[in-house]
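# Geometric and topological summary
In case you want the letters, here they are:
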Number of protein chains: 2
Amino acid sequence: PGKKVLIVYAHQEPKSFNGSLLKIAVEELTKQGCSVTVSDLYAMQFEPRATRNDIVGHLHNSEAFNYGVETWEAYKSGGLSKDLVEEQKKVQEADLLIFQFPLFWFSMPAILKGWMDRVLVQGFAYDLSKAYDGGLLQDKLSLFSFTTGGSKEKYAIRGDVRYLLWPMQHGIMHFCGVKVLEPHICYAPEHASEEKRKEMLTAWTQRLKTLWKEEPIDCSPEWYFK
Amino acid sequence: PGKKVLIVYAHQEPKSFNGSLLKIAVEELTKQGCSVTVSDLYAMQFEPRATRNDIVGHLHNSEAFNYGVETWEAYKSGGLSKDLVEEQKKVQEADLLIFQFPLFWFSMPAILKGWMDRVLVQGFAYDLSKAYDGGLLQDKLSLFSFTTGGSKEKYAIRGDVRYLLWPMQHGIMHFCGVKVLEPHICYAPEHASEEKRKEMLTAWTQRLKTLWKEEPIDCSPEWYFK
């Protein structure tokens, strides 16, 4: 109760299975007394491209555009574009970040990857020698909740899906100091029976009920690749 | 000689190190007698978002938008948007696909991920039960050429960078039946001396000279996770 949750949602269709998962999360977490904010990326027509437009006003070096340097400088001087500042504010206030999306090509849809690329700039999310357990977004939790096209077996290596989560969970969230909860994966809802789909939705509701008691996973290389 | 190469390039600045790597590839491959095409994604303002706009005309099911189904149907009926058809034509004609980009968050920049999401649609790149060694883009080679922000050690797990390449090389290229050459990685050029940068550029030229004699890597789960 009183916790703040940001759900970054990347599906075009409210009637989709991802849309149902989003609705459930908003309802259940609100019922718990959490304050829930949703960034509905397609509805916002969120810009995924990292360009010069992300910096308001003059560039630090207009001779050769360097996105990483320019956004870092712009963050420090308050010169980032309005849409990025708004997303950063949501992140800053959140205790928990939930990413809800359909897996595209073993990863996030580009619109969500663009959110990571543009929002988590140096100075805000990490800094020189402030990464991983020293990252700047400490004391926050994250959870990747996604649907797949294929069956569980199609993504499992040595019986485990964790390998495709490495770049997202370790390379992004852990890098910024954000703790990572177990992913929530709904396998192939498009090919499942109506009954099975209902079971998957119920399982998500159930998990959310005890979410705040969960321990983060060990997001170290050793846990992934032991 | 006579080979066709498509370079999909994702950097905003021609004067960048990525820009130099692109220039080298175009010059060296052209000198060899190859026909080289470049998709300069930022210059094209390539759209990374997978939306209803990718389908021209009527939807198969306008009640609930399903991107995968709609683009599959649109591919079969010739109803994909013009920008996608053009990229697919370039892919179809190419013997080799080179992806040139700076690594963003252990993966591709969103603009390049969007190229994967939108261009490699079902029916064109893979189909029901036509995936991996049976994928539809057989007899093509691919090569991921990228720069990093951090040093080699920062990306190595058990001494190897291959784990972060798994979603890209196996999950995308291998899935479509495209063979994968060893990645070409320039570590931290921004922090390197001018001499070291020159060495890295020369190494890329040298590699390209004998590229057509290279054997693809074994892109199987066993190779990655043995």
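Before reading on, note that the structure itself is shown above.
The structure contained in this document is the topic of the report that follows. What you are looking at is a predicted structure, and each value in this text was computed from that prediction instead of being measured. (Residues numbered from 1 in each chain as written. Chains lettered and ligands numbered in written order. Predicted model: local features only at pLDDT ≥ 70, side-chain atom pairs only at ≥ 80, totals over all residues. Heavy atoms only, no water.)

## With respect to the environment of proline 183 of chain A
All names here are of chain A.
- Position of proline 183 relative to the elements: it lies in the loop between β5 (179-180) and β6 (184-186).
- The exposure class assigned to proline 183 is buried, which follows from its relative accessible area of 17%.
- Taking the C-alpha atoms as reference points, proline 183 and leucine 120, 63 residues apart in sequence, are found 20 Å from one another.
- Apart from residues no more than four positions distant in its own chain, proline 183 is found in contact with Phe144, Phe146, Leu165, Gln169 and Arg207. (Helix = DSSP H or I, 4+ residues; strand = E, 2+ residues; numbered from the N terminus. Buried < 20%, exposed > 50% of the residue type's maximum accessible area, 1.4 Å probe, protein only. Contact = heavy atoms within 4.5 Å.)

## Side note on the packing of helix α1 (residues 17-31) of chain B against helix α7 (residues 194-209) of chain B
Residues and elements named next belong to chain B.
- Where α1 contacts α7, the two axes come as close as 10 Å, and the packing angle between them is 30°. In terms of axis orientation, α1 runs roughly parallel to α7. Regarding α1 and α7, the two cross each other, and that crossing is right-handed. Here Phe17, Ser20, Leu21, Ile24, Ala25, Glu28, Leu29 and Lys31 of α1 come into contact with α7, specifically with Arg197, Met200, Leu201, Trp204, Thr205, Leu208 and Lys209.
- Each residue belonging to the contact of α1 with α7 can be placed in one class, and the counts come to nine nonpolar, two polar and four charged. (Axes fitted to C-alpha atoms, helices over the stretch in contact; angles between N-to-C directions. Parallel < 35°, antiparallel > 145°, perpendicular 65-115°, else oblique. Left-handed = near helix turned anticlockwise from the far one by under 90°. Nonpolar A, V, L, I, M, F, W, Y, C, P; charged D, E, K, R; others polar.)

## Concerning the nonpolar core
- Counting residues in hydrophobic clusters, the biggest one holds 114 residues, and the most contacted among them are Trp115, Met116 and Leu120 of chain A together with Trp115, Met116 and Leu120 of chain B.
- When sequence neighbours within four positions are dropped, the list of residues in contact with tryptophan 115 of chain A reads Leu6, Val8, Leu41, Phe46, Glu87, Val91, Phe99 and Leu120 of chain A. (Core = buried A, V, L, I, M, F, W, Y, C linked by side-chain atoms within 4.5 Å.)

## Things to note about the relation of the copies chain B and chain A
- Placing chain B over chain A gives an RMSD of 0.0 Å and needs a rotation angle of 180°, together with 0.0 Å of translation along the axis. Both chain copies can therefore be described as sitting about a two-fold axis. Across chain B, the rotation axis passes nearest the C-alpha of alanine 110 of chain B, at a separation of 2.4 Å.
- When the interface residues of chain B are mapped onto chain A, 100% of them again lie at the interface, so the same face is used by both copies. (Least-squares fit on C-alpha atoms with pLDDT ≥ 70 in both.)

## A few points about the interface of chain B and chain A
- Between chain B and chain A, the contact holds 48 residues from the first and 48 residues from the second.
- Interface area, chain B with chain A, both sides summed: about 3,800 Å², of which 64% is carbon and sulfur.
- Area buried by chain B at its contact with chain A is led by Arg49, Trp105 and Phe106 of chain B, which between them contribute 22% of it.
- On the surface where chain B and chain A come into contact, there are zero salt bridges.
- The tally of links between chain B and chain A comes to 22 residue pairs in polar contact (both at pLDDT 80 or more).
- Listed by contribution, the elements that provide at least two residues to the side of chain B that touches chain A are α2 (67-77), α4 (110-119), α6 (162-173) and α8 (221-225) of chain B.
- Of all the elements, α6 of chain B adds the most residues to the side of chain B that touches chain A, at seven residues.
- A breakdown of the residues in the side of chain B that touches chain A according to their chemical character gives 29 nonpolar, nine polar and ten charged. (Buried area = accessible area lost by both parts, 1.4 Å probe. Salt bridge = Lys/Arg side-chain N within 4 Å of Asp/Glu carboxyl O. Polar contact = N/O pair within 3.5 Å; in protein donor to acceptor, adjacent residues only side chain to side chain.)

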